[in-house]
Amino acid sequence: DDDLWLRLAGPANAAMDRLASGLADLGVEMSNRVDANMVFVRLPEAAIARLEESNLLFYRIAPGLIRFVTSFQTTDDDIDVALTRVRAAV
């Protein structure tokens, strides 16, 4: 009702745009075009292990492939923290 999903999708997609841009600036390979609030990222297993140790939340999809998801609650600070941890891991 009342387009709630659209109002929630906007901030989630904007957060992902910011995250994907930052990942691209770090030279991280994304395996999909970012059209929504998910991105699949290819990283060496050692980097993924470092991200796990940093307590960054993501989903393991396959060896060397993880997925990041943003939501309407994702803040700029959340994105900054994620990018800092990815930068340290890679």
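Structure: above.
Going along each chain's sequence as written, the residues are numbered from 1 onward. With the structure being a predicted model, the display of local features is reserved for residues of pLDDT at least 70 and the display and counting of side-chain atom pairs for 80 or more, all residues being used for whole-chain, interface and lining totals. Only hydrogens and water are set aside when side-chain values are computed; all heavy atoms of the structure are taken into account.

A. Focus on helix α2 (residues 45-53). Listed in full, the buried residues belonging to α2 are Ala47, Ile48 and Leu51. Each buried residue of α2 lies within a common arc of 100° when the element is viewed along its axis, so the set occupies one face. The helix count covers DSSP runs of H or I at least four residues long, the strand count covers runs of E at least two residues long, and both are numbered beginning at the N terminus. Downstream of α2 by one or two residues, Asn55 has phi in the positive range, about 70°. Each residue gets one of three labels from its accessible area relative to the maximum for its type: buried under 20%, exposed over 50%, partly exposed in between, using a 1.4 Å probe on protein chains only. The arc in question is traced by the directions running from the helix axis to the C-beta atoms.

B. Main features of the layout of surface pockets. Here the largest pocket defines a volume of roughly 390 Å³. Grid spacing is 1 Å over the protein atoms alone, the probe is 1.4 Å, and a cavity is where that probe fits but cannot get out, while a pocket is an open set with protein on both sides within 12 Å along at least five of seven lines and lining residues have an atom within 4 Å of a point. Contributing to the lining of the largest pocket are 17 residues, with Leu56, Leu57, Val69, Thr74 and Asp78 lying nearest its centre. Broken down by secondary-structure element, the contributors of at least two residues to the lining of the largest pocket are β4 (65-69) and α3 (76-89). Per-element tally for the lining of the largest pocket: the top contributor is α3, with five residues. Grid points are joined across faces, edges and corners, and a volume is the space filled by probe spheres set on the points.

C. The arrangement of α3 in detail. Given a helix with a known number of residues, its expected span is that number minus one, times 1.5 Å. Between its first and last C-alpha atoms α3 spans 20 Å; for 14 residues at 1.5 Å apiece the expected length is 20 Å, and the two agree. Buried residues of α3: Ile79, Ala82, Leu83, Val86 and Ala89, and no others. Relative to the axis of α3, the buried residues are bounded by an arc of 125° and lie together on one face. In this structure, α3 carries Asp77 and Ala88 as exposed residues pointing more than 90 degrees from its buried face. Those residues of α3 that are buried are in contact with α1 (4-25), α2 and β4. By the convention used here, residues are in contact when the closest approach between their heavy atoms is within 4.5 Å.

D. Molecular detail of the packing of aromatic side chains. Classification of ring pairs rests on two measures: the distance between centres of Phe, Tyr or Trp rings, Trp counted by its six-membered ring, which must be within 6.5 Å, and the angle between planes, read as stacked under 30 degrees, edge-to-face over 60 and tilted in between. Inspection of every chain in the model, using the stated rule, returns one aromatic pair. For the ring pair Phe58 and Phe68, a centre distance of 6.1 Å and an interplane angle of 70° mean the geometry is edge-to-face. Of this pair, Phe58 sits in the loop between α2 and β3 (59-62) while Phe68 is found in strand β4, placing the two residues 10 residues apart along the sequence. As far as burial versus exposure is concerned, Phe58 and Phe68 are alike and both buried. In this structure, Arg67 packs its charged tip against the face of Tyr59, placed 4.4 Å from the ring centre. Comment: the charge-over-ring label is applied if NZ (Lys) or CZ (Arg) is within 6 Å of the ring centre and within 35 degrees of the ring normal.

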